[in-house]
Amino acid sequence: EKYPAMDLAYAAGRAAGTMTGVLSAANEQSVQMFIDERISYLDIMKLNEACCEAHKADLVAMPNLEEIVHYDQWARKWVKDKVDAGNYSKTYAKASASA
């Protein structure tokens, strides 16, 4: 795939409901963790995709504001918890530390 992030964004749009907010929140959290050198650049997409996959079972098709806020917070926590648990590499941080 040449542009996997675009494919994921289109898939989130087709799923609709809370999925687009989950993708957005996961991406914001992942990018911040990359900026903080806690994950590698390539982990951003992996985390976003895995978070969306984990959300499929709880997708709300017609969410109210409370549900939108809830799943935004859920996605941010999901990404943080996965990184904190060591489930994603810190290749970038290790590479920059040894430079």
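In case you missed it, the structure is sitting above this.
This one's a predicted model, so the numbers in the text were calculated from it and none came from an experiment. Per chain, residue numbering runs from 1 following the sequence as it is written. Local features in this predicted model are restricted to residues whose pLDDT is 70 or higher, and side-chain atom pairs enter the listing and the counts only when it is 80 or higher, whereas totals over whole chains, interfaces and linings include all residues. Hydrogens and water molecules were not included; the side-chain quantities draw on all heavy atoms of the structure.

### Considerations on helix α1 (residues 4-15)
Okay, step 1: Spanning twelve residues, α1 covers 16 Å between terminal C-alpha atoms, matching the ideal 16 Å at 1.5 Å per step.
Okay, step 2: Starting at the N terminus, helices and strands are each numbered in turn, a helix being any DSSP run of H or I of at least four residues and a strand any DSSP run of E of at least two. Positive phi appears at Ala16, one or two residues downstream of α1, with a value of about 60 degrees. Expected span, for any helix, means 1.5 Å times one less than how many residues it has.

### What to know about the side chain of Thr18
Okay, step 1: With respect to the helices and strands, the residue Thr18 is situated in the loop between α1 and α2 (19-35).
Okay, step 2: Polar side-chain contacts of Thr18 include one of 2.7 Å to the side chain of His55.
Okay, step 3: Apart from residues lying up to four places away in sequence, Thr18 is in contact with His55, Asp58, Leu59, Val60, Pro63, Glu67 and Tyr71. Under the rule applied, a polar contact is a pair of N or O atoms within 3.5 Å (in protein, one hydrogen donor and one hydrogen acceptor; residues adjacent in sequence only if both atoms are side-chain atoms). Only heavy atoms matter for contacts: two residues are in contact if any of them lie within 4.5 Å across the pair.

### As for unusual backbone geometry
Okay, step 1: Phi is positive for Ala16, close to 60 degrees, though the residue is something other than glycine.
Okay, step 2: Examined against the element boundaries, Ala16 turns out to sit in the loop between α1 and α2.
Okay, step 3: Backbone geometry places Glu37, a non-glycine residue, at a positive phi of 60 degrees.
Okay, step 4: Relative to the elements of secondary structure, Glu37 occurs in the loop between α2 and α3 (41-55).
Okay, step 5: Three exposure classes are used, based on accessible area relative to the maximum for each residue type with a 1.4 Å probe and protein chains only: buried under 20%, partly exposed in between, and exposed over 50%. Overall, Glu37 belongs to the partly exposed group, its relative accessible area being 35%.

### A word on the environment of Lys80
Okay, step 1: Turning to its location among the elements, Lys80 is positioned in helix α4 (residues 65-84).
Okay, step 2: Here Lys80 falls in the partly exposed class, since its relative accessible area comes to 38%.
Okay, step 3: In this structure the C-alpha to C-alpha distance between Lys80 and Leu47, which are 33 residues apart in sequence, comes to 9.7 Å.
Okay, step 4: Excluding residues within four positions of it along the chain, Lys80 makes contact with Gln29 and Met33.

### Examining the packing of α2 against α4
Helix-helix packing is described using two parameters, namely the angle between the two axes and the distance between the axes.
Okay, step 1: The axes are straight lines fitted to the C-alpha atoms, using for helices just the contacting stretch, and the angles between their N-to-C directions are given from 0 to 180°. As a packed pair, α2 and α4 sit with axes 8 Å apart at the nearest point and diverge in direction by 35 degrees. Note on packing geometry: the crossing formed by α2 with α4 is right-handed. Contacts from Val22, Ala25, Ala26, Glu28, Gln29, Ser30 and Met33 in α2 reach Tyr71, Asp72, Trp74, Ala75, Arg76, Val79, Lys80, Val83 and Asp84 in α4.
Okay, step 2: Each residue is assigned to one of three groups, with Ala, Val, Leu, Ile, Met, Phe, Trp, Tyr, Cys and Pro labelled nonpolar, Asp, Glu, Lys and Arg labelled charged, and all others, Gly among them, labelled polar. Across the contact of α2 with α4, the residue classes tally to nine nonpolar, two polar and five charged. Here a crossing is called left-handed whenever its near helix is offset anticlockwise from the far helix by less than a right angle, and right-handed whenever the offset is clockwise.

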